[in-house]
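Understanding the architecture of this molecule
What follows is the residue order along each chain.
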Amino acid sequence: MAVKERLSDDKFPLLMDRKTVAEYLGFSVATVDKAVEHGGLDEAVTSPSYLNRTYYIKPKVNKWVEGVVMRVALAMVVIAGMFYMFGRFGFKSFFE
């Protein structure tokens, strides 16, 4: 089975449909739909009434990705701090 090579970022258009944004992010279309519904990716969506289609704006998609990366990094710092506290003081004493 051949692996499909991903295009470089500059080869993707400024306005992308669901399938294209899924390829751009490396997600499935279903994951993109969930990110729009629950993850804040709806900020990158535009639906001009005269076109009757939904497009994703590439700079806004990039901003969304940056926000996700920052939230994940923050969560990792918090988790690392918790492991430090549990290791230093013990799990039981942490909650007493």
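What this report covers is the structure whose coordinates are included nearby.

Criteria and thresholds
- Residues numbered from 1 in each chain as written.
- Predicted model: local features only at pLDDT ≥ 70, side-chain atom pairs only at ≥ 80, totals over all residues.
- Heavy atoms only, no water.
- Pairing = 2+ DSSP bridges.
- Helix = DSSP H or I, 4+ residues; strand = E, 2+ residues; numbered from the N terminus.
- Phe/Tyr/Trp six-rings, centres within 6.5 Å; stacked < 30°, edge-to-face > 60°.
- Buried < 20%, exposed > 50% of the residue type's maximum accessible area, 1.4 Å probe, protein only.
- Patch = residues over 30% accessible without salt bridge, like charges linked within 9 Å, V, L, I, M, F, W, Y side chains within 5 Å.
- Areas by Shrake-Rupley, 256 points an atom, 1.4 Å probe, with all protein chains shown as cover.
- Salt bridge = Lys/Arg side-chain N within 4 Å of Asp/Glu carboxyl O.
- Core = buried A, V, L, I, M, F, W, Y, C linked by side-chain atoms within 4.5 Å.
- Contact = heavy atoms within 4.5 Å.
- Axes fitted to C-alpha atoms, helices over the stretch in contact; angles between N-to-C directions.
- Parallel < 35°, antiparallel > 145°, perpendicular 65-115°, else oblique.
- Nonpolar A, V, L, I, M, F, W, Y, C, P; charged D, E, K, R; others polar.

**A look at the sheet that holds strand E2 (residues 45–46)**
One open sheet holds the three strands; their spatial order is E1-E3-E2, and the pairing between them is antiparallel. Looking along the sheet, the strands with just one partner apiece sit at the ends: strand E1 (15–16) and E2. Sheet analysis places E1 next to strand E3 (residues 55–57), joined by two bridges and oriented antiparallel. Residue pairing in the sheet places Leu15 in a bridge with Ile57 of E3.

**Side note on the packing of aromatic side chains**
By the definition in use, this model includes one aromatic pair. Arranged with centres 5.0 Å apart and planes meeting at 65°, the rings of Phe12 and Tyr24 form a pair that is edge-to-face. Taken together, the residues span a long stretch of sequence, with Phe12 in the segment before E1 and Tyr24 in helix H1 (residues 18–25) at a distance of 12 residues. Relative accessible area serves as the criterion here: at 7%, Tyr24 is assigned to the buried category.

**Things to note about a nonpolar patch on the surface**
On the surface, Leu74, Val78 and Met82 cluster together into a nonpolar patch covering about 260 Å² of accessible area. Examined against the element boundaries, Leu74 turns out to sit in helix H3 (residues 58–89). The exposure class assigned to Leu74 is exposed, which follows from its relative accessible area of 55%.

**Here's the deal with the nonpolar core**
Grouped together as the largest cluster of nonpolar side chains are 13 residues, with contacts concentrated most on Val21, Leu25, Leu41 and Val61. Elements with a minimum of two residues in this core: H1, helix H2 (29–38) and H3. When sequence neighbours within four positions are dropped, the list of residues in contact with Val61 reads Met16, Val21, Tyr24, Leu25, Leu41, Ala44 and Tyr56.

**Considerations on the packing of H1 against H2**
Axis separation between H1 and H2 bottoms out at 9 Å; the angle between their running directions is 95°. Classed by the angle they form, the pair H1 and H2 counts as roughly perpendicular. Contact residues: Arg18, Lys19, Val21 and Ala22 in H1; Val29, Val32 and Asp33 in H2. When grouped by side-chain class, the residues that make up the contact of H1 with H2 number four nonpolar, no polar and three charged.

**Points about the pattern of salt bridges**
The full count for this structure, using the stated rule, is three salt bridges. With a closest N to O distance of 2.8 Å, Arg6 and Asp9 form a salt bridge. In this structure Arg6 comes out as partly exposed when scored by relative accessible area, which is 40%. In this structure, Arg53 engages Asp17 in a salt bridge whose closest nitrogen and oxygen atoms are separated by 3.9 Å. In this pair, Arg53 is assigned in the loop between E2 and E3 and Asp17 in the loop between E1 and H1, connecting sequence segments 36 residues apart. Relative accessible area serves as the criterion here: at 25%, Asp17 is assigned to the partly exposed category.

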